[in-house]
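Understanding the architecture of this molecule
What follows is the residue order along each chain.
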Amino acid sequence: MYDINQVRADFPILSRQVYDKPLVYLDNGATTQKPLCVLDAMRAEYLNVNSNVHRGVHWMSQQATELHEAARETVRKFINAKSTTEIVFTRGTTEGLNLVASSFCDEFMQEGDEVIVSTMEHHSNIVPWQLQARKKGIVLKVIPMTDKGELIMDEFEKLITPKTKLVSVMHVSNVLGTVNPVEDIIRIAHEHDIPVMVDGAQSTPHFKVDVQALDCDFFVFSGHKIYGPTGIGVLYGKEEWLDKLPPYQGGGEMIDHVSFENTTFERPPLKFEAGTPDYVASHGLAVALDYVSALGMDAIYAHEQELTRYCTERFQEIEGMHIFGQSDHKDAVVSFLVGDIHHMDMGTLLDRLGIAVRTGHHCAQPLMDRLGILGTVRASFGLYNTKEEVDILVEGIKRVSKMF
Ligand code: PMP
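Reading guide: rules and limits
Residues numbered from 1 in each chain as written. Predicted model: local features only at pLDDT ≥ 70, side-chain atom pairs only at ≥ 80, totals over all residues. Buried ≥ 20, exposed ≤ 12 C-beta atoms within 10 Å, placed from the backbone. Helix = DSSP H or I, 4+ residues; strand = E, 2+ residues; numbered from the N terminus. Arc of directions from axis to C-beta. Contact = placed C-beta atoms within 7 Å. Near = placed C-beta within 6 Å. Nonpolar A, V, L, I, M, F, W, Y, C, P; charged D, E, K, R; others polar. Axes fitted to C-alpha atoms, helices over the stretch in contact; angles between N-to-C directions. Parallel < 35°, antiparallel > 145°, perpendicular 65-115°, else oblique. Left-handed = near helix turned anticlockwise from the far one by under 90°. Pairing = 2+ DSSP bridges. Expected span 1.5 Å × (residues − 1). UniProt positions renumbered as here; feature names shortened; annotations may be inferred. Domains from an automatic or database assignment.

1. Topic: helix α12 (residues 343-352)
- When α12 is considered as a whole, its buried residues turn out to be His 343, Met 346, Gly 347 and Leu 350. Buried positions in α12, seen along its axis, are confined to an arc of 95 degrees and lie on one side of it. In α12, the exposed residues that point more than 90 degrees away from the buried face are Thr 348 and Arg 352.
- Considering only its buried residues, α12 is in contact with β14 (333-338), β15 (355-356), β16 (358-360), β17 (376-380) and α14 (387-402).
- One or two steps after α12, the chain reaches Gly 354, where phi turns positive at roughly 90 degrees.

2. Looking at the site of the ligand
- Around the ligand, a shell composed of Gly 92, Thr 93, Thr 94, His 122, Ser 124, Met 170, Asn 174, Asp 199, Ala 201, Gln 202, Ser 222 and Cys 363 is seen.
- Here the shell around the ligand is built from residues that sort into 3 nonpolar, 8 polar and 1 charged.

3. Some words on the packing of helix α11 (residues 297-315) against α14
- Running from amino to carboxyl end, α11 crosses α14 at an angle of 25 degrees, the nearest separation of the two axes being 10 Å. The angle between α11 and α14 falls in the class roughly parallel. Between α11 and α14 the crossing geometry is right-handed. Mapping the contact onto sequence places Leu 307, Tyr 310, Cys 311, Arg 314 and Phe 315 in α11 and Lys 387, Val 390 and Val 394 in α14.
- Classifying every residue of the contact of α11 with α14 gives 6 nonpolar, no polar and 2 charged.

4. Digging into the pairing of strand β9 (residues 218-222)
- Of all 5 residues in β9, 5 are buried; the element is thus mostly enclosed.
- Of the two faces of β9, the one lined by Phe 218, Val 220 and Ser 222 and the one lined by Phe 219 and Phe 221 are each fully buried.
- For strand β8 (residues 196-199) and β9, the ladder comprises 3 bridges, and the chain directions are parallel. Within β9, the residue paired with Met 197 across the bridge is Phe 218.
- In terms of strand pairing, β9 meets strand β10 (residues 233-237) through 5 bridges, oriented antiparallel. Counted as the bridge partner of Phe 219 is Tyr 236 from β10.

5. Overview of the sheet that holds β17
- Here we have 4 strands laid out as an open sheet, ordered β13-β14-β17-β16, and antiparallel in their pairing. Of all the strands in the sheet, just β13 (321-324) and β16 have a single pairing partner and so form its edges. Strand-to-strand twist across the sheet, computed as the mean angle between neighbouring axes with direction ignored, equals 30 degrees.
- Across 3 bridges, β16 lies against β17 in antiparallel orientation. For Thr 359, the partnering residue across the bridge sits in β17 and is Val 377.
- Running over the sheet, α12 touches β14, β16 and β17 and is turned about 160 degrees from β16.

6. Quick look at unusual backbone geometry
- Residue Pro 268 is joined to Pro 269 through a cis peptide bond whose omega torsion reads 5 degrees.
- Along the polypeptide, Pro 269 turns up in the loop between β12 (263-265) and α10 (279-295).
- Despite not being glycine, Tyr 19 has its phi angle at roughly 50 degrees, a positive value.
- By the C-beta count within 10 Å, which is 9 here, Tyr 19 ends up exposed.
- Phi is positive for His 362, which is not a glycine, with a value near 55 degrees.
- Mapped onto the elements of the fold, His 362 is located in the loop between β16 and α13 (365-371).

7. A closer look at the sheet that holds strand β4 (residues 87-90)
- If you walk across this open sheet you meet the 7 strands as β4-β10-β9-β8-β7-β5-β6, and the pairing is mixed. Looking at strand neighbours, the two that pair on one side only are β4 and β6 (139-143), the edges of this open sheet. Averaged over all neighbouring strand pairs, the angle between strand axes comes to 20 degrees, with direction disregarded.
- Of the pairings in the sheet, the one linking strand β5 (residues 114-118) to strand β7 (residues 164-170) comprises 3 bridges and is parallel in character. What sits directly across from Ile 116, in β7, is Val 167.

8. Notes on α14
- In a regular helix each residue adds 1.5 Å, so 16 residues correspond to 22 Å; α14 covers 23 Å between its end C-alpha atoms and thus fits that length.
- Elements in contact with the buried residues of α14: β3 (24-25), α11, β14, α12, β15 and β17.

9. Thoughts on the UniProt feature "domain: Aminotransferase class V" (unreviewed entry) in the chain
- Under the local residue numbering, the UniProt record ascribes the feature "domain: Aminotransferase class V" (unreviewed entry) to residues 24-393.
- Counting secondary structure, residues 24-393 comes out at 40% helix and 17% strand; the distance between its end C-alpha atoms is 8 Å.

10. What about the pairing of β4?
- A two-sided burial pattern is seen for β4, the buried positions comprising Ile 87 and Phe 89 on one face and Val 88 and Thr 90 on the other.
- Direction of pairing for β4 relative to β10: antiparallel, over a ladder of 4 bridges. Within the sheet, the bridge partner assigned to Ile 87 lies in β10 and is Tyr 236.

11. What to know about the domain arrangement of the chain
- For the chain, the assigned domains read domain 1 (4-30 + 296-402) and domain 2 (40-293).
- On a C-alpha basis, the centres of domain 1 and domain 2 stand 28 Å from each other.
- Between domain 1 and domain 2, the contact holds 25 residues from the first and 25 residues from the second.
- Elements that contribute at least two residues to the side of domain 1 that touches domain 2 include exactly α11, β14, α13 and β17.
- Tallied by class, residues from the side of domain 1 that touches domain 2 come to 11 nonpolar, 8 polar and 6 charged.

The structure is reproduced here in structure tokens:
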């Protein structure tokens, strides 16, 4: 286990005060704070070698290109992809999901073809498919879940038909914390020759992900949720799929040769990276991945599991507490409501105590409909949170509850 005080010192923002109270930051599911090494690395790149990548013959451009391509290798190693050609830099999870939805539908789907998602998806794994449905008439099918917040696997199998062309599911729910059985989903889908995309926005920050062991066909995540900068994310795609998919956007970097009559494209990953990439953010992401790797994903997992367990246990003391998401396979997220206190009221009053939580539908309105609620309060943990912070949260909720 790492030294939590030493780790917290790497994140100066955690020592700040809000409303004269020490900040208790429990909104890591939305975004994480950045360690000094990430901020320093990005500043150093802008200070010393800033130059556009890939097309320069001059020294600084080559240095910037080396950092950008080294970042691709760091990402490859982090998720254990076979090759860097399988690592596409995006703006984030949302862009990765949109890219695959658009390119996959263009190439492989006809009117009436089906995509399977789940009840608990983030809007970013629903709306891109609906945009395609409007254009092409594809059909969205939905894996239901139990009241505990677990996907019903028998129902998943029943949804598969000869028209099913892709399954796209989240690894970990940003609301319920449920760790979905993506290994089983992938195995079953592959038995029917159906590829699977996994939304790893909420899994990569919390435990070791191995895309080859999972055998997923596409995997997406965001840099900012794993202690890296905003504006950078990753789409992993098996080489055979990335080779077959058409480009998502056109522009510089992604072409082989352009004429007004005909244009040929680069090979993946550049085929999917039109325009100047955020090459400083890619470097920042690599430094963040090195940072969490040095702490150890297993140590981070164990620490956050303990926080989740402790928080769930202490919540039992609170009258009227209802926790959404009761799966035994649960990760770093505790969503709740207390009595009939509105989630916004709870969040706003906790904020006045210096406690940052998220409230609302968490970009999962269909899941809220399934749960029969408008929103929840969500505490989500990161590698730097402590049991003392959970205690402050519990005392804060008790204090707010007394006001109603
Ligand atoms: N999927 C899940 C499960 C998420 O939690 C989020 C972010 N809340 C996203 C997708 C979208 O990520 P981003 O906004 O970084 O693109």
